[in-house]
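Spelled out, the chains give:
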Amino acid sequence: MWQRQYVTAQQLAGFRHYKYSAVDTNPLSVHIMQPLWDRIVKIVPLWIAPNLLTFIGFLMILINFFILSFYDWDYTASASSPGLIPTWVWVFGGFVTFCAYTLDSIDGKHARRTQSSTPLGELFDHGLDSWASSVLALSFYSMCSRTNRKSGSTVFTMYLALSVILLNFMFSHWEKYNTGVLFLPWGYDVSQVVLIGMYLLTAGLGVEVWQKPLIFDYYLTDTLIILLIVCCIILSLPQTLYNIYIAHRNKTLLKDSLYEGLLPLLSPTVLFILFTIWVTHSPCEILKKQTRLFLWMVGVIFANIMCRMIICQMTNTRSEVLHWLMGPLAVVVFTATSGLQGRLEEPIFIGFTIFVTAAHIHYGYCVVKQLSKNFNIYTFSLKKS
């Protein structure tokens, strides 16, 4: 694969002085999950590289996504043909989510256990997390399905919920960009446990559980969306702003101006503005026609933006002003919504999605290769290169 040097010399120098700093105050994590992970990590063979654990967990999430895509490409199977998705798929989804959650939680512990912690490991972990955040949501949507009378969700609600999830992830790393400390969001552990529970509930009671009122004519889908908004907007965002304020008060902020502090938010803001314009003004209603693929594209471009932000925060370097994909995306959105694409909107969209997915995979591959060479290590082996 053709390689490009995405990480600058200044950033490589910054990686050499980087030290991980994180705070976890979530009672669920501290008192229940962490003791469990401490037990599980002890059974992992010492010859296994931590990055391999991270990658296996991500691959499991992808496999689950592709299986659900096969049975339920357009998110209608649970409502129109409840028996179309076999019970084993829901059981597998719960199992995979638990395994991926576990591997994501013990990779750092295993790195310290094998004395193999490197900045590459953290970047690899959080970079894949930025992509997995959307893939997990896209898999979950197969349970509740698209609108079916009162139950289910509209495709626009799916888009908004995904946007909230991704923005919540972004705020955590934007906070670290300004403070140097990653305050682990409470919503992460709660969402993983709830997601596992939802898969098992669907396996045990069938998808029909999503089509019956829970209480006061509210459905499970409504309840989960309300819970999502509460966790992300009412809990996470205020906590992020408060932590940045405390760092400002204590004069420990890493950025010396409001402009520099807000700079990483520009590309994600432009991204979601462009996507929202597209889904609300698309002549062919692209979100309805290609719901799964459109949401996949949202997650891929967001993940690429986040990887670049994470590199800047880890190396304490200046964030880029605007991500390079915002230009091509703006052209595609303008020509689509203005009617210039005509009947070609859907094929152009599919081609653009393939392009950005390939670009993101290439970016990840090149960055990992570059950092592996810089630190004189193998990505998936504990041997020195």
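Everything numeric in this text was worked out from a predicted model, so none of it was measured.

*Asks:* I keep staring at a nonpolar patch on the surface and nothing clicks. Help me out?
*Replies:* On the surface, I226, I229, V230, I233, I234 and L235 cluster together into a nonpolar patch covering about 500 Å² of accessible area. Along the chain, the position of L235 falls in helix α9 (residues 220–249).

*Asks:* Explain the packing of helix α11 (residues 266–281) against helix α13 (residues 291–315) here, please?
*Replies:* Helix-helix packing is characterised by the crossing angle of the two axes and by the distance between the axes. Relative orientation of the contacting elements α11 and α13 amounts to 165°, with a least axis distance of 10 Å. In this view, α11 runs roughly antiparallel relative to α13, as classed from their interaxial angle. The interaxial crossing formed by α11 with α13 has right-handed handedness. Two secondary-structure elements touch here, α11 through S267, P268, L271, F272, F275, W278 and V279 and α13 through F294, M297, V298, I301, F302 and I305. In terms of residue class, the contact of α11 with α13 is built from 12 nonpolar, one polar and no charged.

*Asks:* Even after reading the chapter, I still don't get the packing of aromatic side chains, so can you show me in this structure?
*Replies:* Summed over all chains, the structure comprises 29 aromatic pairs. Measuring from ring centre to ring centre gives 6.2 Å for F272 and F302, while their planes differ by 50°; the resulting arrangement is tilted. Note that F272 is positioned in helix α11 and F302 in helix α13, a separation of 30 residues in sequence. For F302, a relative accessible area of 0% gives the class buried. Each member of the aromatic cluster is reached from another via a ring pair, and the members are F58, F65, F66, W131 and W296. Of note, K255 hangs over the ring of Y177, and the distance from its end group to the ring centre comes to 4.2 Å.

*Asks:* Explain the nonpolar core here, please?
*Replies:* Soluble globular proteins tend to pack their nonpolar side chains together in the buried interior. Counting 95 residues, the largest nonpolar core has F275, W278, F294 and I301 as its most contacted members. Considering every element that reaches this core, the biggest residue donor is α13, with 17 residues. Residue contacts for F294: discarding those within four places in its chain leaves F275, W278, V279, I286, L287 and F349. One finds W37, V41, V44 and M60 within the second-largest nonpolar core, a separate group that totals 13 residues.

*Asks:* I'm lost on unusual backbone geometry in this one. Help?
*Replies:* With a phi angle near 55°, Q115 is a residue other than glycine that sits in the positive phi range. Within the secondary structure, Q115 sits in the loop between α5 (87–113) and α6 (119–144). Not every positive phi belongs to a glycine, and N376 is a case in point at roughly 60°. Within the secondary structure layout, N376 lies in the loop between α15 (345–375) and β3 (377–378). The exposure class assigned to N376 is partly exposed, which follows from its relative accessible area of 39%.

*Asks:* I would appreciate a short explanation of the pattern of salt bridges in the present structure.
*Replies:* A side chain with one charge can pair with a side chain of the opposite charge if their charged atoms come near. With the rule as written, the count across this model stands at five salt bridges. The closest approach of N and O atoms between D38 and K109, which form a salt bridge, is 2.9 Å. In this pair, D38 sits in helix α2 (residues 27–40) while K109 sits in helix α5, placing the two residues 71 residues apart along the sequence. Among the residues examined, K109 registers a relative accessible area of 18% and is labelled buried. K289 is the partner of E346 in a salt bridge, and the nearest nitrogen-oxygen pair spans 3.9 Å. In this pair, E346 sits in helix α15 while K289 sits in helix α12 (residues 286–289), placing the two residues 57 residues apart along the sequence.

*Asks:* What am I meant to see in the packing of α6 against α15 here?
*Replies:* Interaxial distance between α6 and α15 falls to 10 Å at its minimum, and their mutual angle equals 170°. Taken together, the axis directions place α6 and α15 in an arrangement best described as roughly antiparallel. In contact with P119, L120, L123, F124 and W131 of α6, α15 contributes H360, I361, V367, V368, L371, S372 and F375.

*Asks:* Please clarify how the pairing of strand β4 (residues 381–384) should be interpreted in this entry.
*Replies:* Working note: regular strand, side chains alternate between the two faces of the sheet. Inspection of the sheet shows β3 paired to β4 by two bridges, in the antiparallel sense. In the sheet register, Y378 faces β4, and the bridge partner there is S381. Between β3 and β4, which pair antiparallel one after the other, the connecting turn spans two residues.

*Asks:* I tried to follow the side chain of S130 on my own but got confused; where do I start?
*Replies:* Mapped onto the elements of the fold, S130 is located in helix α6. Looking at S130, its side chain comes within polar contact range of the main-chain oxygen of G127, at 2.5 Å. Other than its neighbours up to four places away in sequence, S130 contacts F169, F302, A303, M306 and C307.

*Asks:* Is there a simple way to explain the side chain of H323 in this structure?
*Replies:* Summarising the element assignment, H323 is placed in the loop between α13 and α14 (326–337). Polar contacts involving the side chain of H323 include one to the side chain of N304, which spans 2.6 Å. A distance of 3.0 Å separates a polar atom in the side chain of H323 from the backbone nitrogen of L325.

Rules used throughout
- Residues numbered from 1 in each chain as written.
- Predicted model: local features only at pLDDT ≥ 70, side-chain atom pairs only at ≥ 80, totals over all residues.
- Heavy atoms only, no water.
- Patch = residues over 30% accessible without salt bridge, like charges linked within 9 Å, V, L, I, M, F, W, Y side chains within 5 Å.
- Areas by Shrake-Rupley, 256 points an atom, 1.4 Å probe, with all protein chains shown as cover.
- Salt bridge = Lys/Arg side-chain N within 4 Å of Asp/Glu carboxyl O.
- Helix = DSSP H or I, 4+ residues; strand = E, 2+ residues; numbered from the N terminus.
- Axes fitted to C-alpha atoms, helices over the stretch in contact; angles between N-to-C directions.
- Parallel < 35°, antiparallel > 145°, perpendicular 65-115°, else oblique.
- Left-handed = near helix turned anticlockwise from the far one by under 90°.
- Contact = heavy atoms within 4.5 Å.
- Nonpolar A, V, L, I, M, F, W, Y, C, P; charged D, E, K, R; others polar.
- Phe/Tyr/Trp six-rings, centres within 6.5 Å; stacked < 30°, edge-to-face > 60°.
- Buried < 20%, exposed > 50% of the residue type's maximum accessible area, 1.4 Å probe, protein only.
- Lys NZ or Arg CZ within 6 Å of the ring centre and 35° of its normal.
- Core = buried A, V, L, I, M, F, W, Y, C linked by side-chain atoms within 4.5 Å.
- Pairing = 2+ DSSP bridges.
- Polar contact = N/O pair within 3.5 Å; in protein donor to acceptor, adjacent residues only side chain to side chain.

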